[in-house]
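# Summary of the model geometry
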Amino acid sequence: MARITPGQAYGFFTDTSVCIGCKACEVACKEWNELPGNEPVFGDGYDNTGSLDAQNWRHVQFIDNVPDETSGTGQGKAWLMMSDVCKHCQHASCMEVCPTGAIIRTEFDSVFIQPDVCNGCRNCIAACPYDVIAQDEHKGVAQKCTLCYDRLQGDMEPACAKACPTESIQFGPVEELQRAARQRVSDLHDQGVTEARLYGEDDSIYGGLNAFFLLMDEPEAYKLPNEQNAVLPRRNNVPGYLGTLGTAVLAVLGGLIALRRRREPTPATSSGTTPPDPEAGDE
Amino acid sequence: MLLAEEVQHFVRSPDWTWFILFYFFFAGISGGAYAIAALFRLRGEPSDEHAARLGHYVSFAALLPCPVMLVLDLGSPLRFWHMMWNTTPGEAGFNFKYWSPMSVGVWALLVFGAFATVSFIQALVRDGRIRLSLVRRPVKLLDGVLGELVVAIGAVFGLFVAGYTGVLLSVSNQPVWSDTWALGGLFLASGMTASAALLLLLLRHRRSAEPSAAKLIVSERLYALLELALIVIFLLTLIPADAVGTVFGFPWILLWLVVFAGLLPGVGGLLASRLAVTGEGVPVPLQSASAVRSLAMPALVLLGVLALRAAVIFSIQ
């Protein structure tokens, strides 16, 4: 691959149609980024990682999609396997709400949480629509995939892409990856794999995802919000504040009514209380 | 608008739990009590001055735990100041993002804290508890229009602090929280209810403020009605997202029962007596009122307000 140059947008194209679920990406990520191991999760499937979190920046999802009746070759449908990762959104929900400025866009156009700036408020966790970010309980800061920021600065591709044996994870300039992805989905359609589709390669999802996917089913099957649901937290600012403002006006009016009702009566009694307003109960 | 079956949430909960619950509770009381105090001072009678001072004491006292709760909730508490100052190399400067309620809230809390402190000191001076001329002289400047302006601006910030916490929850991608626009108003209204109830509770210990008791009772009823209306709106806004069961289902319905119990004194009083203080139109002097009326009922209201926040915060985490 050509030199990795700052100023250019880099990302991943994760082609789930060729993912074999080997988890080499998870291991390589943990090794390079010195992420500790975690207690394995044992569920129904072959996934013992559980989810993306502070210690797992790549997570191979195993989605049981086995049809009730055998219907010929699987074509990647029996198990949907997908190496999930931070999407490095162009319009990033995490970055939008971060109050400290810890989440920045790097010179490689990736979304990066600066560990020395983050103070662990967890607002980004509440915002990320992909369940990517979690807080490291020892360091007390939010963590996620860095697109191997340190490796990029050293002109090396991210560890997961380097380790992937099937080229399910491809790294490169986003524009090149988009071209390759469109060609790939076109080839698959020509081969009759009509369920193949791209997710996040154009600007319909969060302005475009620098880490986008070729999926073999609806996005929601992979726990990815569809286009309608890919919305930013700030959408609720105006209605939220307007609702608060309306309530504030009513609260002040209520207070004024309470004050007005008690203004009419005659002077205080010996007990110190204001005598009742005989008219008050009639309103 | 998305239909129920179309709404998707795949987020992780931020694990905002007890510290945040109590921050929301105290912020509501602090802001609400300041607003009530301001109304007494700006639109009340001279006899309401004592209740206004009580409001400022409550506002200040309720404000004190707020930053403590917020700091303790952070993963890195010693970096709390990163909320205000960006330490990114080459980007050093103040942090202010008007589109992030957490960022706005930090500054609002700071500014409101200044107003609450000034008004608290003013109340102490007026009560004769501070006699230092070094303090009394500048406070005297607040006796006129300037003082009214300070209280009015402080009340605006107080109302904001009481309500923005709900907007903060909504400006996320969390189920329930981001499916409604009513949380800001709901937290504000319940904060006002709690403040009026707490002031009523404390009137027992400040006889000079008793002339304002009737006004507080009526205020509490109106705020309870406002809170009830916002609970209904909150519920209605959740229907399109099919999220009603998430927050109102079992076991959270038990908390909502506490919430509704807390609304009973206010809404019940409004139904029974409307805007008169009692059915007979005669306010019962607090010192001779039953303990249930003057102690248990306000306490129930406060518990209800805490339960409301707990139901909203914990039901999705």
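### Digging into the overall build of chain B
When helices and strands are tallied, chain B shows 11 helices and 2 strands. Reading the secondary structure of chain B in the N-to-C direction produces α-α-α-β-β-α-α-α-α-α-α-α-α. Relative to a compact globule of 317 residues, whose C-alpha radius of gyration would be 20 Å, chain B shows 20 Å and is just as compact. Each principal axis of the C-alpha atoms in chain B carries an extent, and together these give about 55 × 55 × 30 Å. For chain B, with 317 residues in total, the buried portion stands at 52%. Pairs at least 24 apart in sequence give 77% of the contacts found in chain B among residues at least 6 apart.

### Concerning the overall build of chain A
Per the secondary structure count, chain A includes 7 helices and 10 strands. Per-residue burial for chain A yields a buried fraction of 48% across its 283 residues.

### Notes on the sheet that holds strand β9 (residues 197-199) of chain A
Residues and elements named next belong to chain A. Taken together, 4 strands build an open sheet; the order of strands is β8-β1-β10-β9 and the sheet is mixed. Of all strands in the sheet, those with a lone pairing partner are β8 (169-173) and β9, marking the two edges. This sheet shows a mean twist of 20° between the axes of neighbouring strands, independent of strand direction. Packing against the sheet, helix α6 (residues 174-190) makes contact with β1 (10-15), β8, β9 and β10 (211-215), and its axis sits at approximately 135° to β8.

### Some points on the confidence of the model for chain A
Confidence in the prediction of chain A, expressed as mean pLDDT, is 89, and 87% of residues score 70 or more. Confidence drops under pLDDT 50 across residues 262-283 of chain A; counting only partners more than four residues distant or on other chains, this segment forms 46 contacts.

### Considerations on the environment of H59 of chain A
Residue and element names in this part refer to chain A. Examined against the element boundaries, H59 turns out to sit in strand β2 (residues 58-64). For H59, a count of 21 C-beta atoms within 10 Å translates into the label buried. Separated by 30 residues in the primary sequence, H59 and C29 have C-alpha atoms spaced 9.9 Å apart. Excluding residues within four positions of it along the chain, H59 makes contact with E26, T49, S51, L52 and D84.

### A few points about the confidence of the model for chain B
This prediction gives chain B a mean pLDDT of 93; 94% of its residues lie at or above 70. Both scores are given for the predicted complex: the pTM is 0.92, the ipTM 0.95.

### With respect to the packing of helix α4 (residues 101-126) of chain B against helix α6 (residues 145-170) of chain B
All names here are of chain B. Axis separation between α4 and α6 bottoms out at 9 Å; the angle between their running directions is 145°. As for the relative orientation of α4 and α6, their crossing is left-handed in sense. In contact with P101, M102, V104, G105, A108, L109, V111, F112, F115, A116, V118 and S119 of α4, α6 contributes V150, V151, I153, G154, F157, G158, F160, V161, Y164, V167 and L168. In terms of residue class, the contact of α4 with α6 is made up of 19 nonpolar, 4 polar and no charged.

### Observations concerning unusual backbone geometry
Residue and element names in this part refer to chain B. In this chain, F250 is followed by P251 through a cis amide linkage whose omega measures 0°. In this structure, P251 sits in the loop between α9 (244-248) and α10 (252-273). Positioned with a positive phi, D242 is a non-glycine residue whose angle comes to about 55°. Mapped onto the secondary structure, D242 falls in the loop between α8 (213-238) and α9.

### Examining the nonpolar core
Among the nonpolar cores identified, the biggest contains 177 residues, and C94, C124 and C128 of chain A together with A33, L183 and L199 of chain B are the most heavily contacted of them. It is helix α1 (residues 18-43) of chain B that provides the largest number of residues to this core, a total of 15 residues. Of the domains in this structure, domain 1 (10-231) and domain 2 (238-282) of chain A are the two that each give at least three residues to this core. Beyond its immediate chain neighbours, meaning those up to four positions away, L199 of chain B contacts A33, I36, A51, L54, G55, V58 and L216 of chain B.

### Topic: the environment of R260 of chain A
On the secondary structure map, R260 of chain A appears in helix α7 (residues 237-261). For the pair R260 of chain A and T244 of chain A, spaced 16 residues apart in the sequence, the C-alpha separation amounts to 24 Å.

### Quick notes on the packing of helix α2 (residues 49-63) of chain B against helix α7 (residues 183-203) of chain B
Residues and elements named next belong to chain B. Relative orientation of the contacting elements α2 and α7 amounts to 115°, with a least axis distance of 10 Å. Accordingly, the angle class assigned to the pair α2 and α7 is roughly perpendicular. For the crossing formed where α2 meets α7, the hand is right-handed. Contact with α2, carried on its side by A51, L54, G55 and V58, involves L198, L199 and L202 of α7 and no other residues of that element. Along the lines of polarity and charge, the residues of the contact of α2 with α7 split into 6 nonpolar, 1 polar and no charged.

Thresholds, definitions, all that
Residues numbered from 1 in each chain as written. Chains lettered and ligands numbered in written order. Predicted model: local features only at pLDDT ≥ 70, side-chain atom pairs only at ≥ 80, totals over all residues. Helix = DSSP H or I, 4+ residues; strand = E, 2+ residues; numbered from the N terminus. Rg over C-alpha atoms; globule rule 2.2 N^0.38 Å. Buried ≥ 20, exposed ≤ 12 C-beta atoms within 10 Å, placed from the backbone. Contact = placed C-beta atoms within 7 Å. Pairing = 2+ DSSP bridges. Axes fitted to C-alpha atoms, helices over the stretch in contact; angles between N-to-C directions. pLDDT = per-residue confidence, 0-100. Left-handed = near helix turned anticlockwise from the far one by under 90°. Nonpolar A, V, L, I, M, F, W, Y, C, P; charged D, E, K, R; others polar. Core = buried A, V, L, I, M, F, W, Y, C linked by C-beta atoms within 7 Å. Domains from an automatic or database assignment. Parallel < 35°, antiparallel > 145°, perpendicular 65-115°, else oblique.

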